[in-house]
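Observations on chain architecture
The chain contents come next:
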Amino acid sequence: MKKSTFAASAAAASTALLLLASPLAASAHVHVDPDQASPGSYTNLTFKVPTESATAGTVKLVVDLPTKTPFTSVSYLPLAGWTTTVDTEKLAKPVKTDDGTITEAPIRITWTADSGVQIAPGQFQQFTVSAGAIPKTGSIELPTHQYYSDGTVVDWDQPTPASGDEPEHPAPTLYIEDAAPAEDGSPTLVATPAPVPAAATSTTATVVSIAVGVGGLALGAIALVVAVFALTRVGRRGERKVQG
């Protein structure tokens, strides 16, 4: 009995640890925030980059920008200790937009750590850019390449399926006309207020009616007292005049 109880407790503990570890593992991925934008807008995009290695730090980050549905402009927020470059190239095929035909566009942005600077193990860094105009399309993948101080390179470039089941190295994705999948692959639940029961409504109405009735009686009583007091004073004045 004790053995079976111990086994059940161990299994429950293991399951709990796995459930806790899953969100932690997912949160360690490189991702972009916000992950949704409107067509035609200019949006601040922040890449959150954690260092997953236990022995090396992150010293360089490269983000590939779209070329089939390009941004017309990309600027970056300066980051102390990092050198930032934006590469602009001529497109293989011109792209027509509401602002005209685009023949060249920013295709890559690179952050390189200065000497002695890195994102150490257990730390993360945020890299922010302003991008636009957001093209009219379903979504845009932003493949990101993370360079470590030991020479390792992690490519975050795998597409996330519509089911929301993330691959090992998902590419940061900006959803525009498509809906972003739920993180756990399940549909997003929208909370709606519960309807007020009819009994509660009638009870509330009854209480209000009683309160109004009591209030009316109280006002009537006050008015009666005032009237009696006034008549009493008038009567006393009349008696004084007669006596005089």
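All figures in this text were calculated on a predicted structure; none of them were measured in a lab. (Residues numbered from 1 in each chain as written. Predicted model: local features only at pLDDT ≥ 70, side-chain atom pairs only at ≥ 80, totals over all residues. Heavy atoms only, no water.)

1. Quick notes on the side chain of serine 53
Counting through the fold element by element, serine 53 comes out in the loop between β2 (43–50) and β3 (58–64). Engagement of the side chain of serine 53 in a polar contact is seen with the backbone nitrogen of threonine 55, the distance being 3.1 Å. Among the polar contacts listed, one links the side chain of serine 53 to the backbone nitrogen of alanine 56, at a separation of 3.0 Å. Filtering out sequence-adjacent residues up to four positions away, serine 53 remains in contact with Pro121 and Tyr148. (Helix = DSSP H or I, 4+ residues; strand = E, 2+ residues; numbered from the N terminus. Polar contact = N/O pair within 3.5 Å; in protein donor to acceptor, adjacent residues only side chain to side chain. Contact = heavy atoms within 4.5 Å.)

2. Section: the nonpolar core
Of all hydrophobic cores here, the largest spans 28 residues; its most connected members are Phe47, Val63, Phe71, Trp111 and Phe127. Broken down by secondary-structure element, the contributors of at least two residues to this core are β2, β3, β6 (100–113), β7 (124–132) and β10 (153–156). Excluding its chain neighbours within four sequence positions, the residues that come into contact with tryptophan 111 are Phe47, Val59, Lys60, Leu61, Val63, Trp82, Thr83, Thr84, Phe127 and Val129. (Core = buried A, V, L, I, M, F, W, Y, C linked by side-chain atoms within 4.5 Å. Buried < 20%, exposed > 50% of the residue type's maximum accessible area, 1.4 Å probe, protein only.)

3. Some details on the environment of threonine 144
Along the chain, threonine 144 falls in strand β9 (residues 144–148). Judged by relative accessible area, which is 0%, threonine 144 ranks as buried. Distance in space between the C-alpha atoms of threonine 144 and aspartate 64 is 6.3 Å, their sequence separation being 80 residues. In terms of polar contacts, threonine 144 uses its side chain to reach the backbone carbonyl oxygen of leucine 142, at 3.0 Å.

4. Describing the sheet that holds β10
Strand order in the open sheet formed by 5 strands is β5-β6-β3-β9-β10, with antiparallel pairing between adjacent strands. Because the sheet does not close on itself, it has two edges, and the strands there are β5 (82–97) and β10. On average, each strand axis in the sheet is inclined to that of its neighbour by 15°, with strand direction left out of account. Two elements, β3 and β9, share 5 bridges in a ladder whose sense is antiparallel. Residue pairing across strands places valine 62 opposite histidine 145, the latter belonging to β9. (Pairing = 2+ DSSP bridges. Axes fitted to C-alpha atoms, helices over the stretch in contact; angles between N-to-C directions.)

5. Brief notes about the layout of surface pockets
One number sums up the size of the second largest pocket: a volume of about 280 Å³. Residue lining of the second largest pocket: 15 residues in total, with Thr97, Asp98, Ile134, Pro135 and Lys136 positioned closest to the centre. In the lining of the second largest pocket, the residues fall into 7 nonpolar, 4 polar and 4 charged. (1 Å grid on protein atoms, 1.4 Å probe; cavity = no way out; pocket = protein on both sides within 12 Å on 5 of 7 lines; lining within 4 Å. Points joined across faces, edges and corners; volume = space filled by probe spheres on them. Nonpolar A, V, L, I, M, F, W, Y, C, P; charged D, E, K, R; others polar.)

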